Amino acid sequence: MPGIGLGLGLWLSSTVLSTPVITPVAPFAATVAPMACWSLRRVNPSYAGNCLMASGDVATTNVAYGFAAAGKDALINGAALDALYTANPTNTELRCRTLYDQATVGPYNLVSTASTTGQRVKRVSEGVGGSPGLRALAQTQGLTTNSAASTGPFNIGGATDNLTVILSLAICGWGAAAPFGTSTPGSASNAAGTALGFGASTSEFLSLAETDDINSGEAVYGSVCILRDEINAMFERSTSWNRLRTIALKFEGQKVTGYMGQTKCFSYTMSFSALTGVRLWLGCASGPVASANAEIKEAIVYNAALSDNEILSIMKEVGTFWGALGGPIETLDTNLLLWGQSEIGWLEQDGWSLLRAELASLLGGSPAVHRIPTQANNFTAFGGSASQQGSVDTGSASNYWRVYPLVAGAPGRGPNGTTAYNAVSAYATKNRRTIAICDWGQQDAAALGGVATAATNTVGNPLYGTATKAGFKQAVKDELDDLEAALGHPVAAVIYNLLHLQTPAGSYAAGWETVRQAQIELAAESNGKILLLWGANDATLRDYIHYDTTFIQTKWIKRIARKAANVAKPSLGLVDRGPRFVSASFTDGTKTGIRVAIAHVGGTDISPSTGISGFRVVDTGGVKTIASAIRETATTMLVSLSASCVGATTIQLPYGTDYDLANYPVDNASGVNWPVEGFGPVTVT
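Residues numbered from 1 in each chain as written. Predicted model: local features only at pLDDT ≥ 70, side-chain atom pairs only at ≥ 80, totals over all residues. Heavy atoms only, no water.

A word on the pairing of strand β1 (residues 36-39)
Burial along β1 is two-sided: the face carrying Ala-36 and Trp-38 and the face carrying Cys-37 and Ser-39 are both buried. Alignment of β1 against strand β20 (residues 294-302), held across four bridges, turns out to be antiparallel. By the bridge assignment, Trp-38 is partnered in β20 with Ala-299. (Buried < 20%, exposed > 50% of the residue type's maximum accessible area, 1.4 Å probe, protein only. Helix = DSSP H or I, 4+ residues; strand = E, 2+ residues; numbered from the N terminus. Pairing = 2+ DSSP bridges.)

Section: the pairing of strand β27 (residues 493-497)
Among the five residues that make up β27, five are buried, leaving the element largely enclosed by the rest of the structure. Residues Ala-493, Ile-495 and Asn-497 point to one face of β27 and Val-494 and Tyr-496 to the other, with burial holding for every one of them. Summarising the sheet, strand β26 (residues 433-438) and β27 pair through four bridges and their orientation is parallel. Counted as the bridge partner of Ala-436 is Val-494 from β27. Both β27 and strand β28 (residues 530-533) contribute to a ladder of four bridges, which runs parallel. From the neighbouring strand, Tyr-496 faces β28, where its bridge partner is Leu-532.

Structural notes on the side chain of Asn-537
In this fold, Asn-537 is placed in the loop between β28 and α9 (549-568). In terms of polar contacts, Asn-537 uses its side chain to reach the side chain of Tyr-664, at 3.4 Å. Other than its neighbours up to four places away in sequence, Asn-537 contacts Leu-499, His-500, Arg-516, Pro-654, Tyr-659, Leu-661, Tyr-664, Pro-675 and Val-676. (Polar contact = N/O pair within 3.5 Å; in protein donor to acceptor, adjacent residues only side chain to side chain. Contact = heavy atoms within 4.5 Å.)

Some words on the nonpolar core
Burial of nonpolar side chains together is a common tendency in soluble globular proteins. Counting residues in hydrophobic clusters, the biggest one holds 75 residues, and the most contacted among them are Trp-38, Leu-52, Phe-198, Phe-205, Leu-249, Leu-280 and Val-301. The contact partners of Val-301, leaving out residues within four places of it in the chain, are Pro-34, Met-35, Ala-36, Trp-38, Phe-154, Leu-163, Thr-164, Val-165 and Leu-280. If you look at the next biggest cluster of nonpolar residues, it comprises 31 residues, including Ile-344, Ala-539, Trp-556 and Ile-557. (Core = buried A, V, L, I, M, F, W, Y, C linked by side-chain atoms within 4.5 Å.)

What to know about the confidence of the model for the protein
Looking at the protein, pLDDT values average 77 and 70% of them are 70 or higher. This model gives residues 1-19 a pLDDT under 50, and the stretch forms 67 contacts once residues within four places in sequence are excluded. (pLDDT = per-residue confidence, 0-100.)

A look at unusual backbone geometry
The phi angle of most residues is negative, glycine excepted, and most peptide bonds adopt the trans form. Gly-106 connects to Pro-107 through a cis peptide bond whose omega is 0 degrees. Of note, the bond from Ser-607 into Pro-608 is cis; its omega dihedral lies within 30 degrees of zero at 0 degrees. Among the secondary structure elements, Pro-608 is positioned in the loop between β31 (606-607) and β32 (616-619). The phi torsion at Lys-591 lies on the positive side, around 55 degrees, for a residue other than glycine. The topology assignment puts Lys-591 in the loop between β29 (580-586) and β30 (593-599). The class of Lys-591 is partly exposed, set by a relative accessible area of 31%.

Re the pattern of salt bridges
It is possible for side chains bearing opposite charge to pair when their charged atoms get close. Tallying each qualifying case throughout the model produces 28 salt bridges. Ionic pairing is found between Glu-93 and Arg-95, a salt bridge with its closest N-O pair at 3.1 Å. The exposure class of Glu-93 is buried, given its relative accessible area of 17%. Several salt bridges share partner residues, and in doing so they unite Arg-41, Lys-72, Asp-73, Glu-298 and Glu-317 into one network. (Salt bridge = Lys/Arg side-chain N within 4 Å of Asp/Glu carboxyl O.)

With respect to the sheet that holds β29
The four strands lie next to each other as β29-β30-β35-β34, forming an open sheet whose pairing is antiparallel. Sheet topology places β29 and β34 (626-633) at the edges, where each strand pairs with a single neighbour. Strand-to-strand twist across the sheet, computed as the mean angle between neighbouring axes with direction ignored, equals 20 degrees. The pairing of β30 with strand β35 (residues 636-641) spans five bridges and is classified as antiparallel. The residue of β35 that forms the bridge with Gly-593 is Ser-640. (Axes fitted to C-alpha atoms, helices over the stretch in contact; angles between N-to-C directions.)

Re the packing of aromatic side chains
In this structure the tally under the stated criterion is seven aromatic pairs. Ring centres of Phe-198 and Phe-251 lie 5.6 Å apart, and the angle between their planes is 80 degrees; on these two criteria the pair is classed as edge-to-face. Placement of Phe-198 in strand β11 (residues 194-198) and of Phe-251 in strand β15 (residues 243-252) is noted, with a sequence separation of 53 residues between them. Residue Phe-251 is classed as buried on the basis of its relative accessible area of 0%. Put simply, the rings of Tyr-547, Phe-551 and Trp-556 pair up and form one aromatic cluster. The aromatic ring of Tyr-85 is capped on one face by Arg-123, whose charged end is 4.1 Å from the ring centroid. The cationic tip of Arg-616 hangs over the ring face of Tyr-655; the distance from NZ or CZ to the ring centre is 3.7 Å. (Phe/Tyr/Trp six-rings, centres within 6.5 Å; stacked < 30°, edge-to-face > 60°. Lys NZ or Arg CZ within 6 Å of the ring centre and 35° of its normal.)

Concerning the environment of Glu-310
Looking at the element boundaries, Glu-310 is found in helix α2 (residues 308-322). In sequence terms Glu-310 and Ala-30 are 280 residues apart; their C-alpha atoms lie 7.4 Å from each other. Among the polar contacts listed, one links the side chain of Glu-310 to the backbone nitrogen of Thr-31, at a separation of 2.6 Å.

Let's talk about helix α7 (residues 469-487)
One turn of the α-helix equals 3.6 residues, which is why residues spaced by three or four share an orientation. Its 19 residues place the ends of α7 27 Å apart at the C-alpha level, agreeing with the 27 Å of an ideal helix rising 1.5 Å per residue. Judged by how many residues are buried, α7 sits mostly within the fold: 15 of 19 residues are covered. Just past α7, the residue Gly-488 takes up positive phi, approximately 85 degrees. (Expected span 1.5 Å × (residues − 1).)

Quick notes on the sheet that holds strand β38 (residues 679-683)
On the basis of which strands lie adjacent, the open sheet formed by four strands has the order β33-β32-β36-β38 and antiparallel pairing. At either end of the open sheet lies a strand with only one pairing partner, and these are β33 (622-623) and β38.

Brief notes about the state of the cysteines
Two cysteines joined by a covalent bond between their sulfur atoms form a disulfide. For the structure shown, the criterion picks out zero disulfides. Of all cysteine sulfurs in the structure, the one in Cys-51 sits closest to Cys-37, which takes part in no disulfide; the separation is 9.9 Å. According to the relative accessible area criterion, Cys-37 is buried, its value standing at 0%. (Disulfide = S-S within 2.5 Å.)

Quick look at the structure:
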């Protein structure tokens with residue numbers, strides 16, 4: 001069977017790859033001269049032509065306007081624009097008809113995409129940041145390099161095609177057909193606010209407001225991303241408008257690299273048809289593609305794949321001039337895949353919205369947290385499901401993930417695995433960081449504890465006669481491989497909930513312990529990909545096994561959210577674990593007392609003070625009877641035994657199912673308290 005796919009590294013949607021120290025370089029001082037340059041300032045020091053042609057919306061005569069002064073960095077002649085605006089008292093706006101190319105290759109002037117309208121010219125008094133710009137205020141407003149539908153000089157996607165585009169702009173609002181100019185986010189759309197495109201009908205490459213979440217109740221707004229399913233890579237996400245940003249895209253064949261401010265954000269190989277000799281669109285307005293509700297300040301195109309350092313150097317000069325440089329960003333756009341057995345179903349039902357809100361709050365208030373549903377009703381595949389099927393079902397228990405030919409049948413996915421795989425595959429091209437939340441082990445623990453018998457197999461117990469610790473671990477490994485194959489990239493992490501108590505105790509205890517040890521081993525073997533969540537040893541139950549609503553909503557989701565937030569944004573450094581074991585030693589020569597020392601992570605003390613549950617002590621004679629377990633100090637617990645230990649002695653916390661949940665030791669960490677992390681069996685010294 002295949003391995004777990006460990007050691008592949010974490011896949012991060014728009015992880016900061018580098019933040020070097022950069023010296024600004026003027027666009028026309030680069031190692032390659034720009035192929036095209038459009039701006040509301042003079043970028044080319046030797047350019048002697050006009051900046052743009054505009055008209056009023058009532059006085060529609062087109063007039064060309066130059067710059068206010070000689071030399072580089074002179075802005076468009078604002079006084080002349082003011083005169084045009086006030087010349088007719090009924091004018092309400094100025095419309096750009098042509099934006100002239102300052103490079104010497106073409107010229108490739110940008111012209112309005114509609115015969116009577118154009119992007120609105122924002123004068124200094126109106127522009128974001130106190131500078132002029134061009135802003136789309138309706139669906140039809142955009143600029144393109146050629147009025148013909150199929151001709152132009154720009155090539156991307158071919159094996160030898162190289163192109164670099166640098167764009168400085170203000171992101172002003174929701175970018176779909178409406179509402180434009182709004183100060184608050186609008187409604188969801190699958191393709192909104194495309195600022196940069198190529199081709200006869202605009203093959204979109206840069207979106208300023210987008211969501212592809214399938215649940216309309218979880219719409220997200222204000223993103224900056226590549227708008228193609230092959231990438232969908234995020235530069236940033238924010239629900240605040242009028243953000244000044246400088247962005248760059250470098251095309252090298254099918255590989256696209258994105259930059260924002262002084263940060264290289266991502267680099268991915270895409271899959272799209274080569275576009276040869278096509279036109280470029282700025283602001284976009286073609287067919288169903290939405291114009292960007294953005295105020296464009298400057299755009300520069302190089303017919304070359306510039307180096308990372310040179311791109312960032314040019315961006316520093318451009319962004320500094322327009323006040324649009326921004327700082328290094330950390331993208332937080334994250335998919336949560338709820339993955340596993342029935343406990344995950346209760347999380348979905350009782351806590352999903354709260355989990356999403358909690359995680360978004362921890363990440364800084366951004367709502368960019370998505371669910372990957374794996375059933376038609378948006379619920380994750382779950383429900384009494386085992387990780388593996390050992391024998392052919394003879395009854396109703398068909399909820400299992402893997403099929404192994406231990407009795408009969410071909411290896412592969414079981415019903416739950418197939419359902420999940422198909423649903424996750426639909427998101428395979430949505431290359432966001434994915435964090436899986438997993439709870440596997442409940443059904444398997446029953447089988448490993450000897451509950452699966454010939455009698456239970458008659459009603460379809462899928463694990464009868466086949467369950468082993470090794471088999472359980474392999475099933476988890478295989479399913480993780482399957483999941484990553486469906487996603488098309490490694491998961492950032494698997495948050496694996498450690499098995500909690502199940503009642504009644506008895507034959508389940510051994511199986512429970514076997515699964516818990518297997519979980520610990522899986523995490524240790526995963527090179528950091530599987531993160532154990534010691535988050536349920538103090539759970540309260542709704543039945544004999546499942547957490548109740550109160551525990552899910554007040555403790556479990558908070559613990560999961562902190563673990564996930566640290567994956568999405570490691571710099572947070574949130575407390576996501578409880579006190580850790582340090583040592584266990586006899587208190588004196590009678591060997592009737594054991595002192596367990598712990599080290600706190602986020603708390604300073606533990607409770608309860610008496611009646612602590614969960615310990616198991618074993619000597620050469622077998623399991624010892626524990627008389628009491630108490631809090632001795634803030635960092636020690638004292639376990640008293642009914643009789644002296646003989647020979648080598650071990651202590652463990654917790655063991656199986658034989659302990660009282662209400663009295664399991666927890667800390668007093670702020671936000672949410674954490675259970676003492678399990679350990680052992682360890683040797684008592």
